[in-house]
Amino acid sequence: MGKLLLYLGQKLANLVNYLVELSTLWSSSLSAFFLSPRPERRFSFQIMLRQILFTGIEALPTIGTIALFLGVVVIIQSLTQLPRFGGEEYVGKILVLVILRELGPLMTAFLVIGRSGTAISTEIGNMIVSHEIEALKVMGIDTRLFLVAPRIMGVTTAVICLSLYFDLIALLGGFIVAKLILITSFSSFARILFSSITGTDLIISLLKAFLFGNLIALVCVYQGFSVNISSTEVPQATTRAMVQTLFLVFLANSLLTLLFYL
Amino acid sequence: MDPNIQIQNLSFGYPGKKIFDSLTFAAEKGRSLAILGASGSGKTTLLKLAAGIIFPASGRVLINGIDLVQAARSQTQAVYRDLGFLFQDTALIANMNISDNLALPLRYHGVGSPDEIARRVQDSLSRFGLENYAESLPAQISVGLKKRAALARALINHPRLLFLDDPLAEADLHFQEMIIQIARAQKAQGTLSLTTTSNFADAARLADHIILIHQGKIIKTGSPAEVETAALQALQEGQI
């Protein structure tokens, strides 16, 4: 029992230490961005726009398709199963809870981890192996401005926008497709839905997306920088980035959900 | 301030392996210095220490009087704006085309208007025969062209400090001639250059002063003729 407690204590200490390192990277990069001279900040901002293009705009078709499929399933199940148990009045609330509060930010985060998170850690790992980071340094280029801050801000902005886009497609697009087999009218569906959405639901959804975006960018950048010299370390770092981001996103999601229900 | 480098009692190593022990040397404006040593003797590591890419375990590296380990960011930025570094494996940014690679330090530091930057990049592309590869990614061009692009990037800021990591290794004759001409022209302009090589003839072609290193220590410093004599003697005596 003592050994188990010691083991768990060490794991917890490691996790806390890791989170402190991530927070330091986050704060030092963002402060470097906001305190840097104008030309450097402008340059960093342009990289951020490219990150939004890659993580956000180019992911729209994939996220839209998955949101649509998921929306159809959730809407059909809710509109057909709940009334059988006398739960018609909860349909709207269930949809909002499941899609807006939980699935929207979470599914968006999963897709961004798989698509952009892995790309970020691989890119940085390869840059280290090919001495590009050293080249940036001797050109006087701050890697926090060139690599870290634009990715944190770009990925976070993209996850927030994609999460809202996911919610919209899942709820409205999902209903349009589900309408093929349901008799519920659009006006009645919209009334149920909009009467169930509260400001808190939107805030929680956006807060989760904000947090997940930051976590994805931070962990993937951090793991990318953990590569030392060998190209064989790059896939290992990418796998670590993916697993750790998934873990932290799940953890953050559970804590936030718990927080708002307490 | 005129460009200068001072390496003072520099020691460096990796866990369980000492690379350098109390190295000291200095160079100033107009000096072309070659670090000569066998493969694996730590020449590239020494060049990276001198450029502040990696930091020593003890001792100091001063560039233009500034200790890069302790200096404020604005001071290190000023040093790096004045420094060109040619990496042995080019280290071009893989996801940027050649033109953007050249423009990178200028754009980042906001050196000139966009038109001015474009003109400087175009001039540099022409000077190094890269006009037809401006839009190519580094992976799409040959090693020789990549070396030329890396050299063009190292020189685009008109640096007064030039670091060249084994520039003649695996280079074609045209590039070798180009490097030697550039090294001479830079010296004439007062640029301080630091080159690494494992070939004595290359060191003699590129530098007026050679530092011979072996097993982490300086064996001899001096003119190519002086170092050649000392190296031959050390070889005969089995010291190196």
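Residues numbered from 1 in each chain as written. Chains lettered and ligands numbered in written order. Predicted model: local features only at pLDDT ≥ 70, side-chain atom pairs only at ≥ 80, totals over all residues.

A few words now on the overall build of chain B. Of the regular secondary structure elements, chain B holds eight helices and ten strands. The C-alpha atoms of chain B give a radius of gyration of 18 Å, which matches the 18 Å a tight globule of 240 residues would have. For chain B, the C-alpha atoms occupy an extent of roughly 60 × 40 × 35 Å along the three principal directions. Burial statistics for chain B: of 240 residues in total, 42% are counted as buried. (Helix = DSSP H or I, 4+ residues; strand = E, 2+ residues; numbered from the N terminus. Rg over C-alpha atoms; globule rule 2.2 N^0.38 Å. Buried ≥ 20, exposed ≤ 12 C-beta atoms within 10 Å, placed from the backbone.)

We now examine the domain arrangement of chain B. The figure often quoted for interface size is the accessible area lost as the parts come together. Residues and elements named next belong to chain B. Considered domain by domain, chain B is made up of domain 1 (1–82 + 160–240) and domain 2 (94–158). In this complex, domain 1 contributes five residues to the contact, which on the side of domain 2 involves six residues. Grouping the amino acids of the side of domain 1 that touches domain 2 by side-chain chemistry returns three nonpolar, no polar and two charged. (Domains from an automatic or database assignment. Contact = placed C-beta atoms within 7 Å. Nonpolar A, V, L, I, M, F, W, Y, C, P; charged D, E, K, R; others polar.)

Now for the nonpolar core. Formed by 132 residues in total, the largest nonpolar core has its most connected members in Val-112, Val-159, Ile-216 and Val-221 of chain A together with Ala-50 and Phe-163 of chain B. Residues within four places of Ile-216 of chain A in sequence aside, it is in contact with Ala-109, Val-112, Ile-113, Gly-117, Val-155, Val-159 and Thr-245 of chain A. (Core = buried A, V, L, I, M, F, W, Y, C linked by C-beta atoms within 7 Å.)

Across the boundary between the two partners, chain B contributes 18 residues, which contact 14 residues of chain A. Elements with a contribution of two residues or more to the side of chain B that touches chain A: helix 2 (73–81), strand 6 (83–86) and helix 3 (98–109) of chain B. Partitioned by chemical class, the residues of the side of chain B that touches chain A number twelve nonpolar, three polar and three charged.

Within a sheet, neighbouring strands are paired by backbone hydrogen bonds and run either parallel or antiparallel to one another. Residues and elements named next belong to chain B. In spatial order, the strands read 6-7-8-3-9-10; together these six strands make up an open sheet with mixed pairing. Each of the sheet's edge strands pairs with one partner strand only, and the pair in question is strand 6 and strand 10 (217–222). Each strand of the sheet is rotated relative to its neighbour by a mean of 15°, with strand direction disregarded. Judged from the five bridges that link them, strand 7 (residues 161–165) and strand 8 (residues 192–197) form a sheet pairing that is parallel. Paired with Leu-161 across the two strands is Leu-192, which belongs to strand 8. Set on the sheet, helix 5 (residues 143–155) makes contact with strand 6 and strand 7; between it and strand 6 the angle comes to about 170°. Helix 8 (residues 224–236) contacts strand 3 (32–36), strand 9 (209–214) and strand 10 of the sheet and is inclined by roughly 140° relative to strand 10. (Pairing = 2+ DSSP bridges. Axes fitted to C-alpha atoms, helices over the stretch in contact; angles between N-to-C directions.)

Residues and elements named next belong to chain A. Residue placement: Arg-144 occurs in helix 6 (residues 143–178). Separated by 41 residues in sequence, Arg-144 and Leu-103 place their C-alpha atoms 32 Å apart. Look past the residues within four positions of Arg-144 in its chain and what remains in contact with it is Ser-28, Ser-29, Ala-32 and Ala-149.

Take the environment of Ala-204 of chain B next. In this structure, Ala-204 of chain B sits in helix 7 (residues 200–206). Put simply, Ala-204 of chain B and Glu-228 of chain B are 24 residues apart on the chain and 9.4 Å apart in space, counted from C-alpha to C-alpha.

What follows is about the environment of Arg-107 of chain B. By secondary structure assignment, the location of Arg-107 of chain B is in helix 3. A residue is classified by how many C-beta atoms lie within 10 Å of it, and Arg-107 of chain B, with 20 of them, is buried.

Here we take up the confidence of the model for chain B. Residues and elements named next belong to chain B. Taken residue by residue, chain B gives an average pLDDT of 91. The fraction at 70 or more is 100%. Mean pLDDT in chain B bottoms out at helix 8, which sits at 85, and peaks at helix 4 (residues 114–127), which reaches 96. Scored as a complex, the prediction yields pTM 0.89 and ipTM 0.92. (pLDDT = per-residue confidence, 0-100.)

Moving on to helix 4 of chain B. All names here are of chain B. An ideal rise of 1.5 Å per residue puts 20 Å on 14 residues; helix 4 measures up with 20 Å between its terminal C-alpha atoms. For helix 4, the full list of buried residues reads Val-121, Ser-124 and Leu-125. Along the axis of helix 4, the buried residues cluster in a sector spanning 100°; they form a single face. More than 90 degrees from the buried face of helix 4, the exposed residues found are Asp-115, Glu-116, Arg-119 and Ser-126. On the buried face of helix 4, the contacting elements are helix 3 and helix 5. At the exit of helix 4 stands Gly-129, carrying a positive phi of roughly 65°. (Expected span 1.5 Å × (residues − 1). Arc of directions from axis to C-beta.)

Moving on, we come to the sheet that holds strand 5 (residues 66–67) of chain B. Residue and element names in this part refer to chain B. Taken together, four strands build an open sheet; the order of strands is 2-1-4-5 and the sheet is antiparallel. Edge strands, defined here as strands with exactly one partner in the open sheet, are strand 2 (17–28) and strand 5. Pairing of strand 1 (residues 4–14) with strand 2 involves eight bridges; the strand directions are antiparallel. Bridging from a neighbouring strand, Ile-5 pairs with Ala-27 of strand 2. Helix-sheet contacts for helix 1 (residues 43–50) involve strand 1, strand 2 and strand 4 (58–63), and the interaxial angle to strand 1 is about 125°.

What follows concerns unusual backbone geometry. Of note in the backbone geometry, His-131 of chain A takes a positive phi value of approximately 65° without being a glycine. Tracing the sequence through the fold places His-131 of chain A in the loop between helix 4 (91–129) and helix 5 (132–138).

A word on the pairing of strand 6 of chain B. All names here are of chain B. Side chains Leu-83 and Phe-85 of strand 6 all project onto a buried face; the interleaved residues Gly-84 and Leu-86 project onto the opposite face, where all are buried too. Looking at chain direction, strand 6 and strand 7 are connected through four bridges and run parallel. Across the sheet, residue Leu-86 finds its bridge partner in strand 7, namely Leu-164.

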